[in-house]
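# Structure at a glance
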Amino acid sequence: MSNMPTESAAVVTVTFNSANQLAPFLNSVRNSESIAPLVYVVENASSQRDAAADVAAAFNAEFVDLDTNLGYGGAINAAVERLPLSIDKVLISNPDVEFSKGLVSALADWLDEHPRTAAVGPRILNSDGTVYPSARALPSLRTGVGHAVFSRIWKSNPWSKSYRAEGITNDRARHAGWLSGSCLMVRRSAFEQIGGFDESYFMYFEDVDLGYRFAKAGWKNDYLPSTTAIHFGAQSTSSDPSRMLRAHHDSALRYLDRKYSALWLAPLRVALHAGLKIRLALVLKRSRL
């Protein structure tokens, strides 16, 4: 295992009323490498900020206490701005994740060996051991609409399969359109080049947008399944409260509006807004049944 990556890489996580998840996460980070990487914990102004600060201190993690909730992407940006200049790789992770042995080193080595790669993500497993589709295609108009309409009522529909890159082998490294923000490593210079996460995405789609903007700037997003992380919250979408569902739809519309921003596409944007509004109403109705 290489010691160099842990000296030039840092781990950043964001907490919001998730202090109970922080100790297991920091313990897995510490045990994943022979030399523990620098860790920044960003507290997004929740009621558990004191508890999160105590846990961070117990693991010698840097604690960033934000006055207001900046959302996931905004909190990550705040941490990256504070990193020492010697840090050129940033592993971004949710706190409900467990690192496998050598995860940080493996991802950092990949970035060193692939200079045109801006982001690399591991194989992400659900808590039951199944593989979460963390390396997906960027949603085209056809696949995006098909996935939005049919994903909850027709699980095996071809649009969702295409969007989730199902049918593409998950056993070998490959390029991806975007990588799940629950666990990925970014090249700091590339991240800063495109302005980091777009903070207008308060929740959801900030990782889709990041992958899209990396690609537009000429960078690659890579999937590295030889190293793994377990995400214990990755299966929770079916139990999202209405606030989360609304936030997801708002972020989807923001992404589509920007991707299809040309004046002549205005009728398309109107249709997309109407369609997603209807879908949200149907999903909320089903969730109350």
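In every chain, residue numbers begin from 1 and rise along the written sequence. Reporting in this predicted model follows two pLDDT cut-offs: at least 70 for local features of residues, and 80 or more for side-chain atom pairs to be given and counted; totals over whole chains, interfaces and linings ignore these cut-offs and use all residues. Neither water nor hydrogens contribute to the side-chain values; these are computed over all heavy atoms in the structure.

### Side note on the confidence of the model for the protein
Detailed reading of the predicted model is not advised wherever pLDDT is low. Confidence of the predictor at the level of single residues is captured by pLDDT, which takes values from 0 to 100. Put simply, the protein has an average pLDDT of 84, and 72% of its residues get 70 or more. Across residues 234–240 the pLDDT falls below 50, and counting only partners more than four positions away or on other chains, this stretch makes 9 contacts in the model. The contact criterion used is simple: two residues touch if any of their non-hydrogen atoms lie within 4.5 Å.

### A few points about the environment of Leu 125
Here Leu 125 shows up in strand β6 (residues 117–125). For every residue, the accessible area (1.4 Å probe, protein chains only) is compared with the maximum for its type, and the residue is labelled buried under 20%, exposed over 50%, or partly exposed between those bounds. Exposure remark for Leu 125: the relative accessible area of 18% places this residue in the buried category. Sequence-wise, Leu 125 and Ala 229 are 104 residues apart; in three dimensions their C-alpha atoms are separated by 6.2 Å. For the purposes of this entry, the term helix denotes a DSSP run of H or I that reaches at least four residues, the term strand denotes a run of E that reaches at least two, and both are numbered from the N terminus.

### What about the pairing of strand β11 (residues 183–187)?
Burial within β11 is extensive, with 5 of its 5 residues counted as buried. On β11, burial covers both faces: Cys 183, Met 185 and Arg 187 on one face and Leu 184 and Val 186 on the other are all buried. Here, strands pair whenever DSSP counts at least two bridges between them. Examined bridge by bridge, strand β4 (residues 89–93) and β11 share 5 bridges and lie antiparallel to one another. For Ser 93, the partnering residue across the bridge sits in β11 and is Cys 183. Relative to β11, β6 runs antiparallel, the two being bridged by 2 bridges. The residue bridging Ala 119 from the neighbouring strand is Val 186, located in β11.

### A word on the environment of Val 104
Positionally, Val 104 belongs in helix α5 (residues 103–113). Here Val 104 falls in the buried class, since its relative accessible area comes to 0%. C-alpha separation for the pair Val 104 and Glu 33, spaced 71 residues apart in sequence, amounts to 7.3 Å.

### A look at the nonpolar core
Residues Val 42, Ile 76, Ile 92, Val 186, Phe 191 and Phe 214 are the most contacted members of the largest nonpolar core, which totals 32 residues. Counting residues per element, the ones that place at least two in this core are β1 (9–15), β2 (38–43), α4 (71–82), β4, β6, β11, α8 (188–193) and α9 (206–216). A total of 6 residues in this core trace back to one element, the largest contributor, which is α4. Beyond its immediate stretch of four places on either side in the chain, Ile 76 contacts Val 12, Val 14, Ile 92, Phe 191 and Phe 197. In this text, buried Ala, Val, Leu, Ile, Met, Phe, Trp, Tyr and Cys residues form a nonpolar core when linked through side-chain atoms within 4.5 Å. In terms of nonpolar packing, the next biggest core, distinct from the first, is built from 28 residues, Val 11, Leu 103, Met 185 and Leu 224 among them.

### Some words on α4
Taking 1.5 Å of rise per residue, 12 residues should cover 16 Å, and α4 covers 17 Å from first to last C-alpha, within 8% of that figure. For α4, a buried count of 10 out of 12 residues is recorded, marking the element as mostly surrounded by other parts of the structure. Regarding α4, the residues found buried are Gly 71, Tyr 72, Gly 73, Gly 74, Ala 75, Ile 76, Asn 77, Ala 78, Ala 79 and Val 80. Buried residues in α4 make contact with β1, β2, β4, α8 and α9. Helix span is expected to be 1.5 Å times the residue number reduced by one.

### A look at unusual backbone geometry
One non-glycine residue, Ala 45, lies in the positive phi region at around 55°. Topologically, Ala 45 is positioned in the loop between β2 and α3 (49–58). For Asn 60, which is not a glycine, the phi torsion comes out positive at approximately 55°. Within the secondary structure, Asn 60 is located in the loop between α3 and β3 (62–65). The class of Asn 60 is exposed, set by a relative accessible area of 68%.

### Looking at the packing of aromatic side chains
Any pair of Phe, Tyr and Trp rings, taking the six-membered ring for Trp, is counted once the centres come within 6.5 Å. Such a pair is stacked with planes under 30 degrees apart, edge-to-face with planes over 60 apart, and tilted for the rest. Taken as a whole, this structure holds 3 aromatic pairs when the rule is applied. A centroid spacing of 5.5 Å and a plane angle of 85° characterise the contact between Phe 25 and Phe 99, whose relative ring orientation is edge-to-face. With a gap of 74 residues between them, Phe 25 in helix α2 (residues 19–32) and Phe 99 in strand β5 (residues 97–99) connect regions that are remote in the sequence. Considered together, Phe 25 and Phe 99 belong to a single accessibility category, that of buried residues. Aromatic pair Phe 191 and Phe 197: ring centres 5.6 Å apart, planes at 80°, arrangement edge-to-face. The class for Phe 197 is buried, based on a relative accessible area of 2%. Aromatic rings pair up to connect Tyr 72, Phe 191 and Phe 197 into one cluster. A ring is scored as having a charge over it whenever the NZ atom of a lysine or the CZ atom of an arginine sits within 6 Å of its centre and within 35 degrees of its normal. In this structure, Arg 116 is placed above the aromatic ring of Trp 219, and the distance from its NZ or CZ to the ring centre is 4.1 Å.

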